[in-house]
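# Coordinate analysis (summary)
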Amino acid sequence: MMILRPIQQCDYPALLKIAHESGHGFTSLPNNEALLQKKIDHSISSFAKSASHPGDEGYLFVLEDSETGEVVGTSAIEAAVGLDDAFYHYHLSKAIHSSRTLNVYKAVDILTLCNDYTGATELCTLFLKDGYRKNNNGKLLSKARFMFIKQHQERFADTVIAEMRGVSNEQGNSPFWQWLEEHFFSMDFPTADYLTGIGQKVFIAELMPKYPIYVNLLSKEAQAVIGKVHDNTRPAIELLKSEGFTFNGYVDIFDAGPTVEAKVDNIATIRNAKNFTVKIGNNSGETAVMLANEKLNDFRATVAQLNFDESSAELTLPQAMAEALHLQAGDIVTATRI
């Protein structure tokens, strides 16, 4: 059984290994031991604290194989971005150049540096090991965060965003960044990406061009990757699109990967998930169901094949599954078809 739960101190070796495996462009898990420990500490304190509105909390989850005890993936939620450090994007829009006298009209794409998503809730740090990218593991790792947001909505903003990893090669080189580096920086993409991941973002404000960038002045290679995702990220963005997330022209300042957004009330899992009273008993079926308890620092979620009647007020769970979700008869479980 695969169980999603909050990270614990004992998960540090697994998190360090995931940081190694995730590679360049995975900014939210830099390969820095002190920072990874800080992320664990911050997550544990976020789950433990009382909060009536989104602040600087960061909730880091791990996916555990209950049979082996191995941690095989991570996902996270930042309650509100940009409150302490500026949260930068480029916004892709158009500038119109026209002359009635010359009968010339031309629309030109431009990129403008902005902080428009300040205060939004961010989905981040989604990573699943190669051998586990099957069944419904990826969906559990991503979608269970929506169950957590649904159950603790006061902790999160009305707008939820996700930055998708942009195009880069195996050496970590980004065509978009290569153009920026040539004209504004003397720093390769992996270095810039790493510095951002460890919180050293001041160089962005110091060195980034202050005026809009005309897209047609970029190299053809840089233009081609604006708003495009890394091959490994395609399943993640398709999943978010199925949940109701849309791309509104915001891209990452390093690799130009797209940022997608949704209002909380429009997210499919949040709309469709319902609460049921737990009964203990035998239940096996053909419907893939995502289940989550309503707890905070003891949150648990899984996916199981069950007989599932959405019109019922009760949901029968096998004893072992209920125990894995830290539930007993009479408790409330949140469930939805996956």
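Structure: see above.
Sequence order as written defines the numbering, with residues in each chain counted from 1. In keeping with the predicted nature of the model, local features appear solely for residues at pLDDT of at least 70, side-chain atom pairs appear and are counted solely at 80 or more, and the whole-chain, interface and lining totals rest on all residues. To get the side-chain values, all heavy atoms of the structure are used, and hydrogens and water are removed first.

Here, a salt bridge means any Lys or Arg side-chain nitrogen found within 4 Å of an Asp or Glu carboxyl oxygen. Taken as a whole, this structure holds 13 salt bridges when the rule is applied. The salt bridge partner of aspartate 231 is arginine 234, with a shortest N-O separation of 3.2 Å. Categorising residues by exposure relies on relative accessible area from a 1.4 Å probe, with only protein chains included: less than 20% of the type maximum marks a residue as buried, more than 50% marks it as exposed, and the intermediate range marks it as partly exposed. Assessed through its relative accessible area of 54%, aspartate 231 is described here as exposed. Relative accessible area serves as the criterion here: at 45%, arginine 234 is assigned to the partly exposed category. With a shortest N-O distance of 3.9 Å, lysine 241 and glutamate 238 are connected by a salt bridge.

This brings us to the nonpolar core. Among soluble globular proteins, nonpolar side chains are generally buried collectively. In this structure, Leu123, Leu240 and Phe245 are the most contacted members of the largest nonpolar core, which totals 41 residues. Broken down by element, this core gets its largest block of residues, 7 residues, from helix H3 (residues 137-151). What is meant by a nonpolar core is a set of buried Ala, Val, Leu, Ile, Met, Phe, Trp, Tyr and Cys residues, joined one to another through side-chain atoms within 4.5 Å. Residues Tyr88, Tyr90, Val215 and Val225 belong to the second largest nonpolar core, which totals 24 residues. Numbering of helices and strands runs from the N terminus; a helix is a DSSP stretch of H or I covering at least four residues, while a strand is a stretch of E covering at least two.

Right, let's get into the packing of aromatic side chains. Here a Phe, Tyr or Trp ring, Trp counted by its six-membered ring, pairs with any other such ring whose centre lies within 6.5 Å, and the pair is stacked when the planes are under 30 degrees apart, edge-to-face when over 60, and tilted otherwise. Across all of its chains, the model carries 15 aromatic pairs by this definition. Each ring, one from tyrosine 117 and one from tyrosine 250, has its centre 4.7 Å from the other, and the planes form 55°; the classification is tilted. With a gap of 133 residues between them, tyrosine 117 in the loop between strand E5 (104-114) and strand E6 (121-128) and tyrosine 250 in strand E9 (residues 246-251) connect regions that are remote in the sequence. Taking the relative accessible area as the measure of exposure, tyrosine 117 reaches 6% and is therefore buried. Classification of tyrosine 250 as buried rests on a relative accessible area of 12%. Here a set of aromatic residues connected by ring pairs shows up, and it is made of Phe47, Tyr59, Phe61, Phe148, Phe156 and Phe299. Only lysine NZ and arginine CZ atoms are considered, and such an atom sits over a ring when it is within 6 Å of the ring centre and within 35 degrees of the ring normal. A cation over an aromatic ring shows up here: arginine 133 above the ring of phenylalanine 127, its NZ or CZ 5.5 Å from the ring centre.

Quick look at helix H2 (residues 33-48) now. Turn by turn, an α-helix covers 3.6 residues, leaving residues three or four places apart pointing in a common direction. Compared with the 22 Å implied by 1.5 Å per residue over 16 residues, the 23 Å span of H2 between its first and last C-alpha is a close match. Of all the positions in H2, only Leu35, Leu36, Ile40, Ser43, Ser46 and Phe47 are classed as buried. Taken down its axis, H2 places every buried residue within 145° of arc, on the same side. Exposed residues on H2 whose side chains face more than 90 degrees from its buried face are Glu33, Ala34, Lys38 and Ala48. Pairs of N or O atoms are called polar contacts if they sit within 3.5 Å, as long as, within protein, a hydrogen donor faces a hydrogen acceptor (for residues adjacent in sequence, only side-chain-to-side-chain pairs). Between the side-chain oxygen of the N-cap and the backbone nitrogen of alanine 34 there are 3.2 Å, and the N-cap of H2 in question is asparagine 32. An expected span of 1.5 Å times one less than the residue number is assigned to each helix. Directions drawn from the helix axis to the C-beta atoms are what define this arc.

Turning next to the side chain of aspartate 65. In this fold, aspartate 65 is placed in strand E2 (residues 58-65). Although aspartate 65 is buried, it forms no salt bridge, and the closest oppositely charged side chain is lysine 134 at an N-O distance of 8.2 Å. A polar atom in the side chain of aspartate 65 sits 3.0 Å from the backbone nitrogen of glutamate 67. Should any heavy atoms of two residues lie within 4.5 Å, those residues are considered in contact. Apart from the residues within four sequence positions on either side, aspartate 65 is in contact with Met1, Met2, Glu70 and Tyr132. The charge count includes Lys and Arg as positive and Asp and Glu as negative, but it does not include His or the ends of the chains.

Moving on: H3. Counted at 1.5 Å a residue, the expected span for H3 with its 15 residues is 21 Å, and the 21 Å between its end C-alpha atoms agrees. The seven residues ending at a residue and the seven starting there each receive a fitted axis; the angle between those axes is the bend at that residue. Within H3, the axis deviates most sharply at lysine 143, by approximately 30°. The buried fraction of H3 is high, at 12 of 15 residues. Within the span of H3, buried status applies to Asn137, Leu140, Leu141, Ser142, Lys143, Ala144, Arg145, Phe146, Met147, Phe148, Ile149 and Gln151.

Attention now goes to the packing of helix H1 (residues 12-22) against H2. Axis angles are defined between N-to-C directions and span 0 to 180 degrees, where every axis is a line fitted to C-alpha atoms and, for a helix, only to the segment in contact. One can describe the packing of H1 onto H2 by two numbers: an axis separation of 10 Å at closest approach and a directional angle of 125°. Of the possible angle classes, the one that applies to H1 and H2 is oblique. You can see that H1 and H2 cross each other, and the crossing is right-handed. In this structure, H1 contributes Tyr12, Leu15, Leu16 and Ala19 to the contact, and H2 contributes Glu33, Leu36, Gln37 and Ile40. Charged residues are taken to be Asp, Glu, Lys and Arg, nonpolar residues to be Ala, Val, Leu, Ile, Met, Phe, Trp, Tyr, Cys and Pro, and polar residues to be all remaining types, Gly included. Per-class residue counts for the contact of H1 with H2 are 6 nonpolar, 1 polar and 1 charged. Orientation labels follow simple angle bins: below 35 degrees gives roughly parallel, above 145 gives roughly antiparallel, 65 to 115 gives roughly perpendicular, and whatever is left gives oblique. Put simply, a crossing is left-handed when the front helix is turned counterclockwise from the back one by less than a right angle, and right-handed when it is turned clockwise.

Here the focus is the pairing of E5. Two strands are counted as paired when DSSP detects at least two bridges linking them. Note that strand E4 (residues 89-99) and E5 share 11 bridges and pair antiparallel. Residue serine 93 lies in a different strand from E5, and its bridge partner there is isoleucine 110. Counted along the chain from E4 to the antiparallel partner E5, the turn is 4 residues long, and its residue asparagine 103 has a positive phi close to 55°. Bridge count for E5 against strand E8 (residues 213-214) is 2 bridges, and the pairing is antiparallel. If you follow leucine 111 over to E8, its bridge partner there is isoleucine 213.

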